[in-house]
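Letter by letter, the chains look like this.
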Amino acid sequence: MISHSPSATRKRTLGIDLGTANTIVVAPGAGIVYDEPTVCCFQAYDAVPRFVTAGTEARNFVGRVAKPLKIVRPLRNGVLSDMVATRELFQFVRRSVGPLRRFGKIRPDIGIPADATQSERRALETAAMDAGFARPRLFSEPLLAAIGLGLDIAEPRGRMIVDCGAGTTEVAVISLGGVCLSKAARGGGEALDQALIDYFASHHRFKIGHSSAEALKIQLSNVLAGDGEKDWVEVRGLEMATGLPRTVQMPAAEVLPVWLKHVEQIVHIVRDALSETPPGLSEGILEDGIILTGGGALDRMIADRIEAETGVRAYAAEGALHSVARGLERLIEGSSVR
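Residues numbered from 1 in each chain as written. Predicted model: local features only at pLDDT ≥ 70, side-chain atom pairs only at ≥ 80, totals over all residues. Heavy atoms only, no water.

Asker: I tried to follow the overall build of the chain on my own but got confused; where do I start?
Answerer: When its secondary structure is counted, the chain shows 11 helices and 20 strands. Scaling as 2.2 N^0.38, a compact globule of 338 residues should have a C-alpha radius of gyration of about 20 Å, and the chain matches this with 21 Å. Its C-alpha atoms put the chain at 60 × 55 × 35 Å along the principal axes. Counting over 338 residues, the chain shows a buried share of 47%. Intrachain contacts of the chain at a sequence separation of at least 6 include 62% that bridge at least 24 residues. With an accessible surface of roughly 15,600 Å², the chain has 51% of that area assigned to carbon and sulfur atoms. Distance between charge centres in the chain, computed from 39 positive and 40 negative side chains, equals 9 Å. (Helix = DSSP H or I, 4+ residues; strand = E, 2+ residues; numbered from the N terminus. Rg over C-alpha atoms; globule rule 2.2 N^0.38 Å. Buried < 20%, exposed > 50% of the residue type's maximum accessible area, 1.4 Å probe, protein only. Contact = heavy atoms within 4.5 Å. Areas by Shrake-Rupley, 256 points an atom, 1.4 Å probe, with all protein chains shown as cover. Lys, Arg positive; Asp, Glu negative; His and termini not counted. Charge placed at Lys NZ, Arg CZ, Asp CG, Glu CD.)

Structure, rendered in structure tokens:
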């Protein structure tokens, strides 16, 4: 259910959407105050780690640093994978929103995958408190996404949210203020990036980075959606035989199987969730459709494939990229989920 929180408490609260790719922070009365990549840079990490920087500046170092510097990603597949890096990232965030510290110790509300284990939850709580935060409250990301989209989650009505993140894809059926059923596939958009990187390395002896893979995904999505007349894609990288940079053009159809394999994983868990949803909740889903959120929702072909395979209308929500952050903002502006 939704209940109101005292104003003084709101002033000491931050909402943190801790994503595998990006971390977004919202503050009461200020909206989004931090939106940067979830990545850290350390010196002598394997000996006595010394934090250097995080966020956008650290991302600019990716592929450009040598020992003793090391780039570390705090999360893998949507959950904490490096305690030291997560703690330092939380401290970096606290410094970035420093003026809020005058209100005392800050309590963070943090979004987590619906299927996060108790050990994963405890690890995240520990990292936050080690960084100087009060004990955090943890909320299911699909539930937060629904709140951020302005849905009345307290209604006795089934709604299906598909949260397409970089580290995990979650399908959740929401009703009466809670998650009634959830399915997840660990390895989201970043898994597709890696699959494209591996494909070019093995089939073309061509080395591309994550930024090139990300750009290729956008090109491929546009081609498959029928935008424009071209049916080919272009990617920049290094020829492994010579080590020289060059640009490769190829038919989009060649890399289509790599993309389809990723999308079929999403379609599979959506179908599983639909088959396990009670008939009383299915009625609402059939009427409202399947709602896609997260960065992966911007790939319009994912919604098209889900709709084609399930027969249920599927669409990307407006503001899909920031729906979880907006849900956190709604909580700290006067409501909480219990």
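Asker: When you look at the pairing of strand S4 (residues 31-37) in this model, what are you seeing that I'm missing?
Answerer: Sheet analysis places strand S3 (residues 22-27) next to S4, joined by six bridges and oriented antiparallel. Of the residues in S4, the one forming a bridge with Asn22 is Pro37. (Pairing = 2+ DSSP bridges.)

Asker: Explain unusual backbone geometry here, please?
Answerer: What you tend to see is this: most non-glycine residues have negative phi, and most peptide bonds are trans. Non-glycine residue Leu176 carries a positive phi angle of around 50°. Position of Leu176 among the secondary structure elements: in the loop between strand S13 (168-175) and strand S14 (178-186). We classify Leu176 as exposed; its relative accessible area is 61%.

Asker: Explanation requested: the layout of surface pockets in the structure shown.
Answerer: In this approach a probe as big as a water molecule rolls over the atoms, and the regions it shows empty are the leftover space. Computed from the structure, the second largest pocket encloses a volume of approximately 180 Å³. The wall of the second largest pocket is formed by Ile197, Lys207, Ile208, Gly209, His210, Ser212, Arg236, Gly237 and Leu238. Listing elements by their share of the lining of the second largest pocket, those giving two or more residues are helix H7 (210-224) and strand S16 (232-239). Ranked by residue count, the leading element in the lining of the second largest pocket is S16, at three residues. Split by residue class, the lining of the second largest pocket holds three nonpolar, four polar and two charged. (1 Å grid on protein atoms, 1.4 Å probe; cavity = no way out; pocket = protein on both sides within 12 Å on 5 of 7 lines; lining within 4 Å. Points joined across faces, edges and corners; volume = space filled by probe spheres on them. Nonpolar A, V, L, I, M, F, W, Y, C, P; charged D, E, K, R; others polar.)

Asker: What is the right way to look at the packing of aromatic side chains in this model?
Answerer: What describes a pair of aromatic rings is the distance from one ring centre to the other and the angle between the planes of the rings. Under the criterion given, the structure shown has seven aromatic pairs. Their ring planes at 90° and their centres at 5.9 Å tell us that Phe90 and Phe133 sit as a pair that is edge-to-face. You can see Phe90 sitting in helix H3 (residues 83-96) and its partner Phe133 sitting in the loop between helix H4 (118-130) and strand S11 (137-140), a full 43 residues away along the chain. Take Phe90: its relative accessible area is 1%, and that puts it in the buried class. Of the residues examined, Phe133 reaches a relative accessible area of 1% and is grouped as buried. Taken together, the aromatic side chains of Tyr34, Phe42, Tyr45, Phe51 and Phe92 make up a single cluster linked through ring pairs. It is Arg94 that lies over the ring of Phe133; its NZ or CZ is 5.7 Å from the centre. (Phe/Tyr/Trp six-rings, centres within 6.5 Å; stacked < 30°, edge-to-face > 60°. Lys NZ or Arg CZ within 6 Å of the ring centre and 35° of its normal.)

Asker: Sorry, what's going on with the environment of Ala273 here?
Answerer: Relative to the assigned elements, Ala273 resides in helix H8 (residues 252-276). Since its relative accessible area comes to 0%, Ala273 is described here as buried. Distance in space between the C-alpha atoms of Ala273 and Ser182 is 7.0 Å, their sequence separation being 91 residues. Setting aside its immediate chain neighbours within four residues, Ala273 contacts Met160, Val171, Leu181 and Lys183.

Asker: How do you make sense of helix H6 (residues 189-204) when you look at a structure like this?
Answerer: The α-helix winds at 3.6 residues per turn, so residues separated by three or four positions along the chain end up facing the same way. End to end, H6 covers 22 Å across 16 residues, agreeing with the expected 22 Å (1.5 Å per residue, within 8%). When H6 is considered as a whole, its buried residues turn out to be Gly189, Leu192, Asp193, Leu196, Ile197, Tyr199 and Phe200. For H6, the buried positions fall inside an angular range of 155° around the axis, keeping them on one side. Structurally, H6 contributes buried residues whose contacts are with strand S15 (206-207), H7, S16, strand S17 (245-251) and H8. Just downstream of H6 lies Arg205, where phi reads positive at about 50°. (Expected span 1.5 Å × (residues − 1). Arc of directions from axis to C-beta.)

Asker: Hey, could you run me through empty space enclosed by the protein in this one?
Answerer: This structure, assessed with the given rule, holds two cavities of 30 Å³ or more. Counted as a void, the largest cavity has a volume near 100 Å³. Forming the walls of the largest cavity are 13 residues, and the residues nearest its centre are Gly78, Val79, Leu80, Ile112 and Leu124. Every element with two or more residues in the lining of the largest cavity is listed here: strand S9 (79-80), strand S10 (107-112) and H4.

Asker: What should I look at first to understand the pairing of strand S18 (residues 290-293) in this one?
Answerer: Sheet faces and side chains relate simply in a regular strand, where the side chains alternate between the two faces. Taking every second residue as pointing to the same face, both faces of S18 are buried, with Ile290 and Leu292 on one and Ile291 and Thr293 on the other. As paired elements, strand S12 (residues 159-164) and S18 share four bridges and run parallel to each other. When the bridges of S18 are listed, Ile161 appears paired with Ile291. Looking at chain direction, S18 and strand S19 (residues 314-316) are connected through three bridges and run parallel. Paired with Ile291 across the strands is Tyr315, a residue of S19. With helix H10 (residues 300-310) bridging S18 and the parallel S19, this β-α-β connection has right-handed handedness. (Right-handed = clockwise from strand over helix to strand, strands pointing away.)

Treat this as a map of the structure, not an account of what it does.
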